[in-house]
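Listed below are the residues making up each chain.
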Amino acid sequence: MKTEQLNRFAGFGIGLASLFTENVLAHPCIVLRRQCQVNYHARHYHLTPFTVINIMYSFNKTQGPRALWKGMGSTFIVQGVTLGAEGIISEFTPLPREILHKWNPKQIGEHLLLKSLTYIVAMPFYSASLIETVQSEIIRDNAGILECVKEGIGRVIGMGVPHSKRLLPLLSLIFPTVLHGVLHYIISSVIQKFVLLILKRKTYNSHLAESTSPVQSMLDAYFPELIANFAASLCSDVILYPLETVLHRLHIQGTRTIIDNTDLGYEVLPINTQYEGMRDCINTIKQEEGVLGFYKGFGAVIIQYTLHAAVLQITKIIYSTLLQNSV
């Protein structure tokens, strides 16, 4: 009974640690990665973790810790809107939320259509959240947690903060937003299933050999899924990084956003891009910043997933120790 309770507690604790890492611990990396992605002025591309840590330290020193944690509330709101929209759309339409084991192309198409509609509903809020995470703390007024909702609705009905003429209409943002969202979903789903299959097979073979301890079999109940999710997020983020850079630049254009100078670690810069659309944005980045321009801030992704891997490893060690003491 004691082991069963520990098992339940451990499952909850491990899940919580992983969620905390993905959403809270990783946030400074997400803030810096986005600031680098939209900073077309930048001469330093921050492709390695070392320069990223250096610039994080500078921001922290000049603006305080809040500089790296801004917009965290809005990222949770976007997740909430996405989940809510998906639930409501699937409730009122025949579009399936889950793909059954006996799937067919029609079912996959309908499922991806549901995902696309969800991304479209969440898009204005994603846009507002992106602005909150990259807007410099120096010129930011203390926005409330629901500012993202207000800005998102304002963007849809054309009211709220005055934007410049360069602001791209939401209709022209639908294609890149849905493309990025659906590709991210497909890549992460395929990799997650593939990694899970390999880990389960490995576990099954070791069980056949009867070499597993009770501690190991309990670890096998929780960790394969976490490792599969980790691999899925990492691969989809890395593969789609150039597309994400383009998407963020299109979303931020014309919003009168002032960002931090990622070359110096102090001072601020305006965003004055004039992209006509997705194709123009890709061509301009290629011409003016080179292919590596699509990977600005990539060092932050390396830090983010190194942290995540470390947390997974630490929780595994703690869990093993607790189980060994109870068995």
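Keep in mind the model is a prediction, meaning the values are calculated, not measured. (Residues numbered from 1 in each chain as written. Predicted model: local features only at pLDDT ≥ 70, side-chain atom pairs only at ≥ 80, totals over all residues. Heavy atoms only, no water.)

Participant: Could you clarify how one ought to interpret the UniProt feature "repeat: Solcar" (unreviewed entry) in the protein in this entry?
Facilitator: Mapped onto this numbering, the UniProt entry gives "repeat: Solcar" (unreviewed entry) at residues 220-322. Helix makes up 67% of residues 220-322 and strand 6%, with an end-to-end C-alpha separation of 15 Å. (UniProt positions renumbered as here; feature names shortened; annotations may be inferred. Helix = DSSP H or I, 4+ residues; strand = E, 2+ residues; numbered from the N terminus.)

Participant: Explain unusual backbone geometry here, please?
Facilitator: The bulk of non-glycine residues show a negative phi, and the bulk of peptide bonds are trans. Positive phi values are uncommon outside glycine, yet His46 reaches one of about 50 degrees. Position of His46 among the secondary structure elements: in the loop between helix H2 (27-38) and helix H3 (49-63). Residues other than glycine seldom take positive phi values, yet Glu267 does so here, at roughly 70 degrees. Its place among the elements puts Glu267 in the loop between strand S1 (258-260) and strand S2 (268-270).

Participant: How should I be thinking about the nonpolar core in this particular structure?
Facilitator: A general tendency of soluble globular proteins is for nonpolar side chains to be buried together. Formed by 21 residues in total, the largest nonpolar core has its most connected members in Leu173, Ile191, Val195, Val246, Leu250, Cys281 and Ile285. Within the residue set of this core, elements represented by two or more residues are helix H8 (170-208), helix H9 (214-239), helix H10 (241-252) and helix H11 (278-289). With seven residues, the single largest contributor to this core is H8. Judged by nonpolar contacts, the second largest core, of twelve residues, contains Ile14, Phe298, Leu312 and Leu323. (Core = buried A, V, L, I, M, F, W, Y, C linked by side-chain atoms within 4.5 Å. Buried < 20%, exposed > 50% of the residue type's maximum accessible area, 1.4 Å probe, protein only.)

Participant: Teacher, can you tell me more about the pattern of salt bridges here?
Facilitator: Here the structure, examined in full by the defined rule, presents ten salt bridges. A salt bridge links Lys70 to Asp260, with the shortest nitrogen-to-oxygen separation between them at 3.2 Å. Taken as a pair, Lys70 in the loop between helix H4 (66-69) and helix H5 (72-92) and Asp260 in strand S1 lie far apart in primary sequence, 190 residues in all. One exposure class covers both Lys70 and Asp260, and it is buried. Here Arg249 and Glu289 are joined by a salt bridge, their closest N and O atoms 2.8 Å apart. One end of the pair, Arg249, is in helix H10; the other, Glu289, is in helix H11, and 40 residues separate them in sequence. In terms of burial, Arg249 and Glu289 fall into one category: buried. (Salt bridge = Lys/Arg side-chain N within 4 Å of Asp/Glu carboxyl O.)

Participant: What is the right way to read the confidence of the model for the protein from this model?
Facilitator: Detailed reading of the predicted model is not advised wherever pLDDT is low. For the protein, per-residue confidence averages 88 on the pLDDT scale, and residues scoring 70 or more make up 90% of the total. Within the protein, H10 carries the highest mean pLDDT (97), whereas helix H1 (residues 2-25) carries the lowest (74). (pLDDT = per-residue confidence, 0-100.)

Participant: Just checking my understanding: could you explain the packing of helix H6 (residues 105-134) against helix H7 (residues 147-157) for this structure?
Facilitator: Between two packed helices, both the angle of their axes relative to each other and the distance between the axes serve to describe the pair. Direction vectors running N to C along H6 and H7 enclose 125 degrees, while the axes themselves pass 8 Å from each other. With respect to each other, H6 and H7 are oriented oblique. Where H6 crosses over H7, the two elements pack in a sense that is right-handed. Seen from H6, the contacting residues are Pro124, Phe125, Ser127, Ala128, Ser129 and Glu132; seen from H7, they are Glu147, Cys148, Val149, Glu151, Gly152, Ile153, Arg155 and Val156. Classifying every residue of the contact of H6 with H7 gives seven nonpolar, three polar and four charged. (Axes fitted to C-alpha atoms, helices over the stretch in contact; angles between N-to-C directions. Parallel < 35°, antiparallel > 145°, perpendicular 65-115°, else oblique. Left-handed = near helix turned anticlockwise from the far one by under 90°. Contact = heavy atoms within 4.5 Å. Nonpolar A, V, L, I, M, F, W, Y, C, P; charged D, E, K, R; others polar.)

Participant: What's the story with a nonpolar patch on the surface in this structure? I'm lost.
Facilitator: A cluster of nonpolar side chains, Phe9, Ile314, Ile318 and Leu322, forms an exposed patch at the surface whose accessible area comes to about 400 Å². When residues in the nonpolar patch are grouped by element, the largest group, three residues, is from helix H12 (residues 298-326). Within the secondary structure, Leu322 is located in helix H12. (Patch = residues over 30% accessible without salt bridge, like charges linked within 9 Å, V, L, I, M, F, W, Y side chains within 5 Å. Areas by Shrake-Rupley, 256 points an atom, 1.4 Å probe, with all protein chains shown as cover.)

Participant: Help me out: how do you make sense of the environment of Met123 in this one?
Facilitator: The topology assignment puts Met123 in helix H6. Using a relative accessible area of 3% as the deciding quantity, one classes Met123 as buried. Every residue in contact with Met123, bar those within four places of it in the chain, is listed here: Leu170, Leu173, Ile174, Thr177 and His251.

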